[in-house]
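One-letter residues, chain by chain:
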Amino acid sequence: MPFIPHTEDDIKTMLEAIGVDSIEQLFDEIPAELRSSGLKTVPLRLSEMEVSRLIRDRATQDGQALCFAGAGAYEHHIPAAVWELTTRGEFYSAYTPYQAEASQGTLQLLYEFQSMIATLTGMEVANASLYDGASALAEAVLMAVRANRKSKSKRILMPRTVHPRYRKVVHAIVKNQGIILEEVDYDRAHGIINHNELPKEPGDFAALVIPQPNFFGALEDTDELCNWAHQHNALVIGVVNPMSLALLAPPGAWGESGADIVCGEGQPLGIPLSFGGPYFGFMSCKQALVRQMPGRIIGRTVDLDGKPGYALTLQAREQHIRRSKATSNICTNQGLMTTAATIYMALMGAEGLESVAAHCHHNSRLLEDKLTGLHGVKRLFDRPYFHEFAIQLPHDGANILQKLADRHIVGGFDLAQEYPELENAVLVCATETKTAQDIEAFVAELGEIVS
Amino acid sequence: MSQIPEDLKYTKTHEWVRRESDNTITVGITDHAQNLLGDMVFIETPEVGTNYGEGDDCAVVESVKAASDVYCPITGEITAVNESLADAPEMVNKDPYGDGWLFKLQPEDIEHLEELLDAEAYGELAASEEH
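This is a predicted model, so every value here is computed, not measured.

Enquirer: Is there a simple way to think about the overall build of chain A in this case?
Expert: The helix and strand tally for chain A stands at 11 helices and 15 strands. Here the C-alpha radius of gyration of chain A, 25 Å, is about what a compact globule of 451 residues would show, namely 22 Å. In terms of overall dimensions, chain A has C-alpha extents of about 80 × 60 × 50 Å along its principal axes. Residues counted as buried form 43% of the 451 residues belonging to chain A.

What follows is the structure, given as structure tokens:
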């Protein structure tokens, strides 16, 4: 079907048919004070050539900074094949396709994705992805409130070791549904959930959120926390870095009975760093909770001839069928990013992922050794970590980061932005992309600045 | 034409209610309702001991077409649920007034039962919906 824009004549005929003089008149219903009188701060148009030049200049300005910041988004090597394949015409769609079953290849890929996420997290079922890590956590919170049959509570234990921006997103999404997020403070020496801050009496909570690794990079005591939550009739929501799961115990194996819902940011699996995304969220859960899981789920089945095929399944929970009673207003998935992640995981394989994760950990240990060798620089918390940890600088953290930026080094995340009590503390990370020379260069520059 | 047993009471939202000898009630969905919904794939029953008000949604019947709420016909406390539906949701299709029952409830005031529809009134309602 060709796309034919309306001609002036078409428009005139249509306006005449409905008895309106101009298109502008169709908007009369909107009160004048609600209408924008133009975009004052947006400059006049530029030609394509001028825009290309502007963007190229800006890109050069950014330079090729050496990045030692993580804080939720991580620089990993992405094999060239990942995006070469992802951007092929057969895959190139942002969402779950319409008439989904006509696109068997896409559905098979999503089914593989679900299988990989379920395996990586040690859970029974996974969905076809959500928008990003933060909104995936919000969905997990809503899901836990719906799914917890032992507790009618709308209170969620939300530790301060969960990514602060995830906590803000969760709050924004759930506050109007009467869900209360109860903060749990962290232990100042170890940088993990403070057990003494957990409610003493068996209280009434729908769920406990456990980040692993947590925002400070530190490893939480997941077994003990998971058992504690289940003893108190609370569900366990794990928020995990998928790359770390190549080395750490999967949430399905936490404690005696495992986490109930697992979610997280999928960016480390083949998605390049970019301000504002797109990234993708993932979610998996126990089979018993599958009907409360939001989002799309692809199932494997057989057709009339007994041949394998793939179909969207459990759609009765979804918005186009269940309307306002749907489990969520998510009615698609983050298709293109999921395609890239599936290809990334397939290329790497279990061994490849483990090797990347091990290199990340090794490089971070090296970075720690070198950084703590500088006068006045020490580790903030003493817990084991995966590939990220907090350091204490002798003075003025934000200023030091700025000076490093001037030398084309992104030196970490200024923790005081989100934790005012952590003055001059910086979160640093070294993935497999950093060489020993990169680490030497960073430490040398930092050494000059702090001395 | 769907079955509408004479000895039961009915709601406008297609639940049937049977008064038991111990003054509890048994609740299910009508033959008419199961016909409209089609093959059941999952039944979410309430928790025993939970209190519901009249008209509260207290169970979900999910068919291949839709997931629909089941509403509590009379205010009261859930005393039993049909556990066998977990493995055999199709009982709601095969035997909606028998083995396909959903839950039993101890009503706060059993006399409210009289306010529900009788078989004739429900039959008219179901017939009017078929056109």
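Enquirer: Any chance you could explain the nonpolar core here in plain terms?
Expert: Generally speaking, a soluble globular protein has its nonpolar side chains buried in company with each other. A:Val141, A:Ala144, A:Ala207, A:Ile237 and A:Ile261 are the most contacted members of the largest nonpolar core, which has 125 residues in total. The element contributing the most residues to this core is helix 9 (residues 335-371) of chain A, with 12 residues. Each of domain 1 (66-75 + 350-450) and domain 2 (80-343) of chain A accounts for three or more of the residues forming this core. What A:Ile261 contacts, discounting residues up to four positions off in sequence, is A:Ala140, A:Met143, A:Ala144, A:Leu235, A:Ile237, A:Cys285 and A:Leu289. Ranked by size, the runner-up nonpolar core spans 22 residues in total, among them B:Ile29, B:Ile43, B:Val61 and B:Leu102.

Enquirer: Got a minute to help me understand the environment of A:His361 in this structure?
Expert: All names here are of chain A. Mapped onto the elements of the fold, His361 is located in helix 9. On the neighbour-count criterion, His361 (19 C-beta atoms within 10 Å) is partly exposed. On a C-alpha basis, the gap between His361 and His76 in space is 13 Å, while along the polypeptide they are 285 residues apart. With near-sequence residues (within four places) excluded, His361 lies in contact with Leu247, Phe386 and His387.

Enquirer: I'm lost on the packing of helix 9 of chain A against helix 11 (residues 436-450) of chain A in this one. Help?
Expert: A packed helix pair is summarised by two numbers, namely the angle formed by the two axes and the spacing between the axes. All names here are of chain A. Axis separation between helix 9 and helix 11 bottoms out at 10 Å; the angle between their running directions is 30°. With respect to helix 11, the element helix 9 is oriented roughly parallel. For the pair helix 9 and helix 11, the crossing hand works out as right-handed. When helix 9 is examined against helix 11, the residues Asn363, Leu366, Leu367, Lys370 and Leu371 are found in contact with a partner set consisting of Ala436, Ile439 and Val443.

Enquirer: When you look at the sheet that holds strand 4 (residues 40-44) of chain B in this model, what are you seeing that I'm missing?
Expert: Sheet strands pair via backbone hydrogen bonds, and the direction of the pair is either parallel or antiparallel. Residue and element names in this part refer to chain B. Read across the sheet, three strands follow the order 4-6-7 without closing on themselves; strand pairing throughout is antiparallel. For this open sheet the edge positions go to strand 4 and strand 7 (67-71), each flanked by a neighbour on one side alone. Ignoring which end each strand starts from, the neighbouring axes of this sheet average 25° apart. Here five bridges tie strand 6 (residues 57-63) to strand 7, and the two strands are oriented antiparallel to one another. Paired with Asp57 across the two strands is Tyr71, which belongs to strand 7.

Enquirer: Would you mind going over the pairing of strand 9 (residues 103-107) of chain B with me for this structure?
Expert: Side-chain direction in a regular strand flips from residue to residue, so the side chains alternate between the two faces of the sheet. All names here are of chain B. For strand 9, the tally of buried residues reaches four of five residues, placing the bulk of the element in the interior. Where strand 3 (residues 25-29) lies against strand 9, three bridges are found, and the strand directions are antiparallel. Its bridge partner being in strand 9, Ile25 is matched across the sheet by Leu105. Judged from the five bridges that link them, strand 8 (residues 76-81) and strand 9 form a sheet pairing that is antiparallel. In the strand pairing of strand 9, Glu77 is matched with Gln106.

Enquirer: Quick question: what am I supposed to make of the interface of chain A and chain B here?
Expert: Quoted interface sizes are often the accessible area lost when the parts come together. Each partner contributes residues to the interface: chain A has seven residues there, and chain B has six residues. Residue classes in the side of chain A that touches chain B are distributed as two nonpolar, no polar and five charged.

Enquirer: In this structure, what is going on with the domain arrangement of chain A? I would like to understand it.
Expert: Residues and elements named next belong to chain A. As far as domains go, chain A holds domain 1 (66-75 + 350-450) and domain 2 (80-343). Computed over C-alpha atoms, the centres of domain 1 and domain 2 are 28 Å apart. Contributing elements (two or more residues each) for the side of domain 1 that touches domain 2: helix 9 and strand 12 (388-392). Residue composition of the side of domain 1 that touches domain 2, grouped by class: 15 nonpolar, two polar and six charged.

Enquirer: Explain the confidence of the model for chain B to me, please; I cannot follow it from the model alone.
Expert: Low-confidence regions, as indicated by low pLDDT, have predicted coordinates that should not be scrutinised in detail. Confidence in the prediction of chain B, expressed as mean pLDDT, is 93, and 98% of residues score 70 or more. Overall fold confidence for the complex sits at a pTM of 0.88, while the interface term, ipTM, reaches 0.78.

Enquirer: Hey, could you run me through the environment of B:Gln3 in this one?
Expert: Position of B:Gln3 relative to the elements: it lies in the segment before strand 1 (9-10). The spacing of B:Gln3 and B:Asp39 is 36 residues in sequence and 17 Å in space, taken between C-alpha atoms.

Enquirer: Looking at this structure, how should I read the packing of helix 4 (residues 104-121) of chain A against helix 9 of chain A?
Expert: Residue and element names in this part refer to chain A. Two elements in contact, helix 4 and helix 9, have axes whose closest approach is 9 Å; the angle formed by their N-to-C orientations is 60°. Between helix 4 and helix 9 lies a crossing whose hand is left-handed. Listed contacts from helix 9 to Leu109, Leu110, Glu112, Phe113 and Met116 of helix 4 are Thr338, Thr339, Ala341, Thr342 and Met345. Here the contact of helix 4 with helix 9 is composed, by residue class, of six nonpolar, three polar and one charged.

Enquirer: What is the right way to read the sheet that holds strand 5 (residues 207-212) of chain A from this model?
Expert: Residue and element names in this part refer to chain A. Judged by pairing direction, the sheet is mixed, and its seven strands sit side by side in the order 2-8-7-6-5-3-4 without closing on themselves. Two strands close off the open sheet at either side, each with one partner strand: strand 2 (125-126) and strand 4 (180-184). Along the sheet, helix 5 (residues 133-147) contacts strand 3 (155-159), strand 5, strand 6 (235-240), strand 7 (261-265) and strand 8 (281-285); its crossing angle with strand 7, the most-contacted strand, is approximately 165°.

Enquirer: How should I be thinking about the pairing of strand 12 of chain A in this particular structure?
Expert: All names here are of chain A. Burial within strand 12 is extensive, with four of its five residues counted as buried. Of the strand pairs in this sheet, strand 11 (residues 378-379) and strand 12 are connected by two bridges, and their pairing is antiparallel. The residue bridging Arg379 from the neighbouring strand is Ile391, located in strand 12. For strand 12 and strand 15 (residues 425-429), the ladder comprises five bridges, and the chain directions are antiparallel.

Enquirer: So what exactly am I meant to see when it comes to helix 5 of chain A here?
Expert: In this model helix 5 of chain A runs 20 Å from its N-terminal to its C-terminal C-alpha over 15 residues, within 8% of the 21 Å that 1.5 Å per residue would give. In terms of residue burial, helix 5 of chain A counts as a mostly covered element, since 13 of its 15 residues are buried.

The rules behind each value
- Residues numbered from 1 in each chain as written.
- Chains lettered and ligands numbered in written order.
- Predicted model: local features only at pLDDT ≥ 70, side-chain atom pairs only at ≥ 80, totals over all residues.
- Helix = DSSP H or I, 4+ residues; strand = E, 2+ residues; numbered from the N terminus.
- Rg over C-alpha atoms; globule rule 2.2 N^0.38 Å.
- Buried ≥ 20, exposed ≤ 12 C-beta atoms within 10 Å, placed from the backbone.
- Core = buried A, V, L, I, M, F, W, Y, C linked by C-beta atoms within 7 Å.
- Domains from an automatic or database assignment.
- Contact = placed C-beta atoms within 7 Å.
- Axes fitted to C-alpha atoms, helices over the stretch in contact; angles between N-to-C directions.
- Parallel < 35°, antiparallel > 145°, perpendicular 65-115°, else oblique.
- Left-handed = near helix turned anticlockwise from the far one by under 90°.
- Pairing = 2+ DSSP bridges.
- Nonpolar A, V, L, I, M, F, W, Y, C, P; charged D, E, K, R; others polar.
- pLDDT = per-residue confidence, 0-100.
- Expected span 1.5 Å × (residues − 1).

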